[in-house]
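The primary structure of each chain is shown beneath.
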Amino acid sequence: MTSGRYAALLVAATAVAVTRPSLAQSAGDGFLFHAPVFTFGLRGGFDRASAGSDVFSFVTTQLTLSRRDFSSATFGTDLAIPVSRSNDIVFDAGLTSVSRRSEFRDWVDQNNLPIEQTTSLRRVPLTLGVRHYLSPRGRSIGRFAWIPAARTTYIGLGAGLMNYRFRQVGDFVDFQTLNILPDEFTSNAWTPVLHALAGAELSLGRFIMVTAEARYTWARGPMSRDYVRFNRIDLSGVSVTTGLSFRQ
């Protein structure tokens, strides 16, 4: 065998030897080469607003609204960084927004037509919290492999700030003059927020998990000058969501 042909065979054998392990590593199912350094999650579901303060009592008495009208879809995202085998630090953001048309229950205009308006509520919590896993998230095999658990459960607490906006636009009755006038009322502020949660994760492979979570959010915010006669607005609620998380 000539030296040129021998060199060609040697290069080909080396390429096969290198390529096969590389393909095996990239296509390996069910393991990572290290424990995740972070997870990124997206979720969506339904939030049942408490709507327990006096401003909600007022608008549901005067207008064709009910407390359940302030419940709506909710969306959120989080970034979790492990700090131990069972605990993560979690940066969390969410959005809940609803807008409802209504009219005065007991009043009509001079043409005997409904007096109509739109009421909206938007809540955006930004929190930092801790997530504690109740069962192992995975296990290390030697020094170079980490196998994620098929499923696990967790609980968590978080605190931060919530921005809210409560807004009403349309026609309103001036109860002093009985005139009907177009107007806009808005209350917008930041306020402290707390939440507690419980959830579960189901692995779909090395990198993706399906999540299910229930959380209670507690917050009450100050009302602006447009609502000076009212106490702090109740921004609390209970949400149930599902989503996807991605390990990295």
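Everything numeric here is computed off the predicted structure, so don't read it as measured data.

About the thresholds
Residues numbered from 1 in each chain as written. Predicted model: local features only at pLDDT ≥ 70, side-chain atom pairs only at ≥ 80, totals over all residues. Heavy atoms only, no water. Helix = DSSP H or I, 4+ residues; strand = E, 2+ residues; numbered from the N terminus. Buried < 20%, exposed > 50% of the residue type's maximum accessible area, 1.4 Å probe, protein only. Contact = heavy atoms within 4.5 Å. pLDDT = per-residue confidence, 0-100. Core = buried A, V, L, I, M, F, W, Y, C linked by side-chain atoms within 4.5 Å. Phe/Tyr/Trp six-rings, centres within 6.5 Å; stacked < 30°, edge-to-face > 60°. Lys NZ or Arg CZ within 6 Å of the ring centre and 35° of its normal. 1 Å grid on protein atoms, 1.4 Å probe; cavity = no way out; pocket = protein on both sides within 12 Å on 5 of 7 lines; lining within 4 Å. Points joined across faces, edges and corners; volume = space filled by probe spheres on them. Nonpolar A, V, L, I, M, F, W, Y, C, P; charged D, E, K, R; others polar. Salt bridge = Lys/Arg side-chain N within 4 Å of Asp/Glu carboxyl O.

A. Representation of the overall build of the protein. Along the backbone of the protein there are two helices and twelve strands. When its helices and strands are written in sequence order, the protein yields α-β-α-β-β-β-β-β-β-β-β-β-β-β. By the burial criterion, 36% of the 248 residues in the protein qualify as buried. Partitioning the contacts of the protein with sequence separation of at least 6, the portion at a separation of at least 24 is 68%.

B. Spatial organisation of the confidence of the model for the protein. Chain-level pLDDT for the protein is 88 on average; 86% of the residues reach the 70-or-more range. Per-residue pLDDT stays below 50 along residues 1-29; that stretch engages in nine contacts with residues further than four places along the chain or on separate chains.

C. Structural view of the nonpolar core. Val 55, Phe 56, Phe 70, Leu 121, Phe 166 and Ile 233 are the most contacted members of the largest nonpolar core, which totals 25 residues. Among the elements of the structure, α2 (54-62), β3 (87-108), β4 (114-133), β7 (151-173) and β8 (180-203) are those that each provide at least two residues to this core. Looking at this core element by element, the count peaks at five residues for β7. If near-sequence neighbours (up to four positions away) are discounted, Leu 121 is found in contact with Phe 56, Phe 70, Thr 96, Ser 97, Val 98, Arg 165, Phe 166, Ile 233 and Leu 235.

D. Just the packing of aromatic side chains, in detail. The full count for this structure, using the stated rule, is eleven aromatic pairs. Pairing Phe 56 with Phe 70 gives two aromatic rings, centres 4.8 Å apart and planes at 70 degrees, and the pair type is edge-to-face. You can see Phe 56 sitting in helix α2 and its partner Phe 70 sitting in the loop between α2 and β2 (72-82), a full 14 residues away along the chain. Taking the relative accessible area as the measure of exposure, Phe 56 reaches 0% and is therefore buried. Centre to centre, the rings of Phe 70 and Phe 166 are 6.3 Å apart; their planes meet at 35 degrees, and the pair counts as tilted. One end of the pair, Phe 70, is in the loop between α2 and β2; the other, Phe 166, is in strand β7, with 96 residues separating them in the sequence. Residues Phe 70 and Phe 166 agree in their burial class; the two are buried. What links up through ring pairs into an aromatic cluster is the set Phe 56, Phe 58, Phe 70, Phe 166, Phe 172, Phe 185, Tyr 227 and Phe 230. Geometry around Tyr 154 places Arg 131 over its ring, the cationic atom sitting 4.9 Å from the centre.

E. Structural detail: empty space enclosed by the protein. The final tally for this structure, using the stated rule, is three cavities of 30 Å³ or more. A volume near 220 Å³ is recorded for the largest cavity. Lining the largest cavity we find 20 residues, and of these Thr 74, Thr 96, Pro 125, Arg 215 and Thr 217 sit closest to its centre. Contributions of two or more residues to the lining of the largest cavity are made by β1 (39-49), β2, β3, β4, β8, β9 (208-218) and β12 (237-247). Class assignment of the residues belonging to the lining of the largest cavity gives a composition of six nonpolar, nine polar and five charged.

F. Highlighting the pattern of salt bridges. Applying the stated criterion across every chain yields a total of ten salt bridges. For Asp 78, the salt bridge is made with Arg 43, and the minimal N-O distance between the two is 3.5 Å. With a gap of 35 residues between them, Asp 78 in strand β2 and Arg 43 in strand β1 connect regions that are remote in the sequence. Taking the relative accessible area as the measure of exposure, Arg 43 reaches 13% and is therefore buried. For Asp 92, the salt bridge is made with Arg 215, and the minimal N-O distance between the two is 3.1 Å. With Asp 92 in strand β3 and Arg 215 in strand β9, this pair connects stretches of sequence that are 123 residues apart. By the burial criterion, Asp 92 is buried, and Arg 215 matches it. When salt bridges with common partners are traced through the structure, they connect Arg 43, Asp 78, Asp 92, Arg 131, Glu 201, Glu 213 and Arg 215 into a single cluster.

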